[in-house]
Amino acid sequence: MTTTPNTTSAGPEARRARVWHSLGRSVRELSVFPGLVVLAIVGAVVSPIFFQGTNISLIFQQSSELGVIVVGLVFIVLTGRIDISLESTVGFAPMVAALLMVSQGGWGSHLPGWAGILITLGIGALIGLINGLLVVKLGLDSFIVSLAMLILLRGVTTGLSQGQTLASLPESYTFLGSESVFGIPLDIVVTVVLFVAAGLFLKFHSWGRALYAIGGNENAAHAAGVPVDRVLITAFVAASTLAALAGMLLAGRLSAVTADAGQNMIFSALAATVIGGIALIGGQGRILGAALGVLLLGVLTNVLTLAGVSTFWIDAVYGAVIVLALLVGRFTGSRRS
């Protein structure tokens, strides 16, 4: 007698819960749009060149490397882990490749550009594999492991380069960051393709769904037959490989590899991730939100730069934006509950 009312009442309640969950998730993502509109208005007031095609292209191009890092970071954050060493991979992997390719200041190996690309991506994958094994197989904390790796790679990068900037890179190595197709810079094309591919993988592929399952409830994912260890390790490998790709794009755009490449980029990546509604506890968020977060930070940086604001104040604004994003996430999270 009592089972029928409970069953029928559970249906509408479950539907309402799903509606609130979907609505709350959309609010966190769509909340970026009003910010973008306000920034666009401010940018037009600050400088008449804001809406010029060259400046819009500059915003997207300068955000491309950050976007590539964010794609990889999302993979890890969805599992409830974190990897802050990605910013050091941005500098370390291209630096080793550059030392093998250039003659002045390098090791004199004169490797071709295609070999430099393979070395860069291979180093990124190796770093991710090491991080993944330390976290998954040895059970070490992902933040501590990636912090140690960040410091290690940053020191090795500076030591190998002696603080120098390596230029005269082969065109076959820099073309992704320096060339255009149909008037669109290739690094923008690469970033857009990666975001679209990541969105499709997270939505339709078993690996992407496994990331959400692990972040939501790792024990339940184990019980459901998800190969948790393998998925986690591949997430670290993918993220670090993408960070190396971001470093290669940056080297192409600058036509050089600097000793401090990627420094502090992880803070911007984390900001974009949080702004886009990706929950740091794992299991929540969509790649679309992360893309909007990257775009918001790119526009914000451009507007502040056009206004002549110091870099130090830009960092402070980033911190304020993160706090605001957390407050929005807290409100929408309470409504979903």
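Note that the coordinates shown come from a computational prediction; the quantities given were computed from them, not determined experimentally. Along each chain, residue indices are assigned from 1 in the same order as the chain's sequence is written. Where totals are concerned, whole chains, interfaces and linings use all residues; where local detail is concerned, this predicted model gives features only for residues with pLDDT of at least 70, and gives and counts side-chain atom pairs only at 80 or more. As a rule here, side-chain values cover all heavy atoms of the structure and leave hydrogens and water aside.

### So, the environment of F92
And then number 1: In this description a helix means any DSSP run of H or I spanning at least four residues, a strand means any run of E spanning at least two, and both kinds are numbered starting from the N terminus. Mapped onto the fold, F92 is located in helix α4 (residues 86–101).
And then number 2: Three labels apply to residues, based on accessible area from a 1.4 Å probe with only protein chains included: buried if under 20% of the type maximum, exposed if over 50%, partly exposed otherwise in between. Using a relative accessible area of 13% as the deciding quantity, one classes F92 as buried.
And then number 3: Once the C-alpha coordinates of F92 and T157 are considered, the two residues, 65 residues apart in sequence, prove to be 5.3 Å apart.
And then number 4: Note on definitions: a residue-residue contact is assigned when non-hydrogen atoms from the two residues lie within 4.5 Å. Once residues lying within four places of it in the same chain are set aside, the contact partners of F92 are I123, I127, L153, V156, T157 and L160.

### Quick word on the environment of L249
And then number 1: Inspection of the secondary structure assignment puts L249 in helix α11 (residues 228–254).
And then number 2: Judged by relative accessible area, which is 0%, L249 ranks as buried.
And then number 3: Once the C-alpha coordinates of L249 and L186 are considered, the two residues, 63 residues apart in sequence, prove to be 9.1 Å apart.
And then number 4: Setting aside anything within four residues of it in sequence, one finds L249 in contact with E65, V68, L176, G177, D187 and V190.

### Examining the packing of aromatic side chains
And then number 1: Between the rings of Phe, Tyr and Trp (Trp by its six-membered ring), a pair exists once the centres lie within 6.5 Å; its type follows the angle of the planes, with under 30 degrees stacked, over 60 edge-to-face, and the other angles tilted. One pass over the full model with this rule turns up 2 aromatic pairs.
And then number 2: Here F50 and F51 contribute two aromatic rings whose centre-to-centre distance is 5.0 Å and whose plane-to-plane angle is 85°, an arrangement assigned as edge-to-face.
And then number 3: What makes F51 exposed here is its relative accessible area of 54%.
And then number 4: Each ring, one from F75 and one from W207, has its centre 5.1 Å from the other, and the planes form 80°; the classification is edge-to-face. Placement of the pair is F75 in helix α3 (residues 53–77) and W207 in helix α9 (residues 206–216), with a sequence separation of 132 residues. W207 shares its class with F75; the two are buried.
And then number 5: By definition here, charges over rings are those cases where NZ of Lys or CZ of Arg is within 6 Å of the ring centre and within 35 degrees of the ring normal. Between K203 and the ring centre of F204, over which it is positioned, the NZ or CZ distance is 5.7 Å.

### Focus: the packing of helix α5 (residues 113–136) against α11
Two quantities define a packed helix pair, namely the angle between the axes and the distance from one axis to the other.
And then number 1: Contact geometry for α5 and α11: axes closest at 7 Å, N-to-C directions at 145°. Pair α5 / α11 crosses with right-handed handedness.
And then number 2: The classification used treats Ala, Val, Leu, Ile, Met, Phe, Trp, Tyr, Cys and Pro as nonpolar, Asp, Glu, Lys and Arg as charged, and all other residues, Gly among them, as polar. Partitioning the contact of α5 with α11 into residue classes produces 15 nonpolar, 7 polar and 1 charged. Axis geometry follows a simple rule: fit a line to the C-alpha atoms, using only the stretch in contact for helices, then measure angles between N-to-C directions, giving values from 0 to 180 degrees. What makes a crossing left-handed is the near helix being turned counterclockwise from the far one by less than a right angle; a clockwise turn instead makes it right-handed.

### Focus on the side chain of S142
And then number 1: Counting through the fold element by element, S142 comes out in helix α6 (residues 142–161).
And then number 2: The residues touching S142, leaving out its near neighbours within four places in the chain, are R81, I82, V135 and F236.

### What to know about the confidence of the model for the chain
And then number 1: In predicted models, pLDDT denotes the confidence assigned by the predictor to each residue on a 0 to 100 scale. When the pLDDT values of the chain are averaged, the result is 86; 86% of them are 70 or greater.
And then number 2: With pLDDT under 50 throughout, residues 1–10 is counted as low confidence; its partners more than four residues away or in other chains account for 0 contacts.

### Digging into α11
And then number 1: Given a rise of 1.5 Å per residue, 27 residues ought to cover 39 Å, and the 39 Å separating the end C-alpha atoms of α11 matches this to within 8%.
And then number 2: Counting buried residues along α11, 19 of its 27 residues qualify, which places the element largely inside the surrounding structure.
And then number 3: S255, located one to two residues past α11, shows a positive phi value of around 60°. Helix span is expected to be 1.5 Å times the residue number reduced by one.

### Focus: a nonpolar patch on the surface
And then number 1: Here the term patch refers to residues with relative accessible area over 30% and no salt bridge, with like charges joined within 9 Å and nonpolar side chains (Val, Leu, Ile, Met, Phe, Trp, Tyr) within 5 Å. To measure how exposed things are, a 1.4 Å probe is used in the Shrake-Rupley method; for residues, cover is taken only from the protein chains shown. Here, a salt bridge means any side-chain nitrogen of Lys or Arg that lies within 4 Å of a carboxyl oxygen of Asp or Glu. Taken together, the side chains of W107, L152, V156 and L160 present a nonpolar region at the surface, about 350 Å² in accessible area.
And then number 2: Within the fold, V156 resides in helix α6.

### Regarding the environment of V228
And then number 1: Tracing the backbone shows V228 in helix α11.
And then number 2: Distance in space between the C-alpha atoms of V228 and A210 is 7.8 Å, their sequence separation being 18 residues.
And then number 3: If we ignore the near neighbours within four places in the chain, the residues touching V228 are I214, E218, A221 and H222.

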